[in-house]
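Chain and residue survey
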Amino acid sequence: MAGLRFIDLFCGIGGFRFALEELGHACVFSSDDDPHAQKTYSLNFGETPCGDLTEIEASSVASHDVLCAGFPCQPFSKSGAQEGFEDQTRGTLFHDICYLAEKHSPAVLFLENVPNLVAHDNGNTMKVIEARIEEIGYKYWRKIISPHNYGTCQIRKRVYIVCIRNDLVQDFDYTFPKERQFDLDIRTVLDQTADAKYSMNKDEIYSHPSNLTVK
């Protein structure tokens, strides 16, 4: 299969991009309005993302096959105020994704958010999202999954929503990769060897309190 063209919205430091480029696909546009994320993204990929998505003209975004968006989770997270769509700064950005999708009609929308998005406002927020996805012409599948069930030493549950344009699916039924149980702990991600300069025993640490200071 030839590589696909994708865009990276709310790109952060590039999680979606790392994965898709490793699979041979090409990023043709990225956007994030956080200056610190922009700086790190630039160091990772050699280009600085565009800023606020709400201020970007749809016509200036390159044509693409896949739209990736880990849209802001704070309005839906249990750790926040859970204002949802009432958060006029971040809660409505899902609709900006849909606007861009309507203008470009990519084959796939690949969306990600916190698991509480599904339960937020007694499920009404998810109903609005699903109805809007259907309205703009996509069939969708969603699932809450965590990387620790796929061999990565991290428990980080997120809801993923895969949307495929109606004219491409017909009787097709998407299935998420099968989850597995892995025997994982921190040792699976640590280097087996390290330069001696990074080694320090307990006596050295406590005999030099300055060693505890991060510079």
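Coordinates for the structure precede this section.
Everything numeric here is computed off the predicted structure, so don't read it as measured data. (Residues numbered from 1 in each chain as written. Predicted model: local features only at pLDDT ≥ 70, side-chain atom pairs only at ≥ 80, totals over all residues. Heavy atoms only, no water.)

Some points on the overall build of the protein
Looking only at helices and strands, the protein features 7 helices and 6 strands. Traced from its N-terminal end to its C-terminal end, the protein shows the element sequence β-α-β-α-β-α-β-α-α-β-β-α-α. In the protein, which comprises 215 residues, the share counted as buried stands at 35%. In the protein, the proportion of contacts linking residues at least 24 apart, taken out of those at least 6 apart, comes to 63%. As displayed, the protein has an accessible area near 13,400 Å², and 49% of this comes from carbon and sulfur atoms. (Helix = DSSP H or I, 4+ residues; strand = E, 2+ residues; numbered from the N terminus. Buried < 20%, exposed > 50% of the residue type's maximum accessible area, 1.4 Å probe, protein only. Contact = heavy atoms within 4.5 Å. Areas by Shrake-Rupley, 256 points an atom, 1.4 Å probe, with all protein chains shown as cover.)

Structural notes on the packing of helix H1 (residues 15–22) against helix H2 (residues 35–45)
It is the contact of H1 with H2, at a shortest axis distance of 11 Å, that shows an interaxial angle of 15°. Relative to H2, H1 is oriented roughly parallel. The way H1 lies across H2 gives a crossing that is right-handed. Contacts between H1 and H2 pair Arg17, Phe18 and Glu21 from the former with Tyr41, Asn44 and Phe45 from the latter. Of the residues belonging to the contact of H1 with H2, the class tally is 3 nonpolar, 1 polar and 2 charged. (Axes fitted to C-alpha atoms, helices over the stretch in contact; angles between N-to-C directions. Parallel < 35°, antiparallel > 145°, perpendicular 65-115°, else oblique. Left-handed = near helix turned anticlockwise from the far one by under 90°. Nonpolar A, V, L, I, M, F, W, Y, C, P; charged D, E, K, R; others polar.)

Quick notes on the side chain of asparagine 113
Here asparagine 113 is to be found in strand S4 (residues 108–113). Classification of asparagine 113 as buried rests on a relative accessible area of 1%. Here the side chain of asparagine 113 touches phenylalanine 71 through a polar contact of 2.9 Å, landing on its backbone oxygen. (Polar contact = N/O pair within 3.5 Å; in protein donor to acceptor, adjacent residues only side chain to side chain.)

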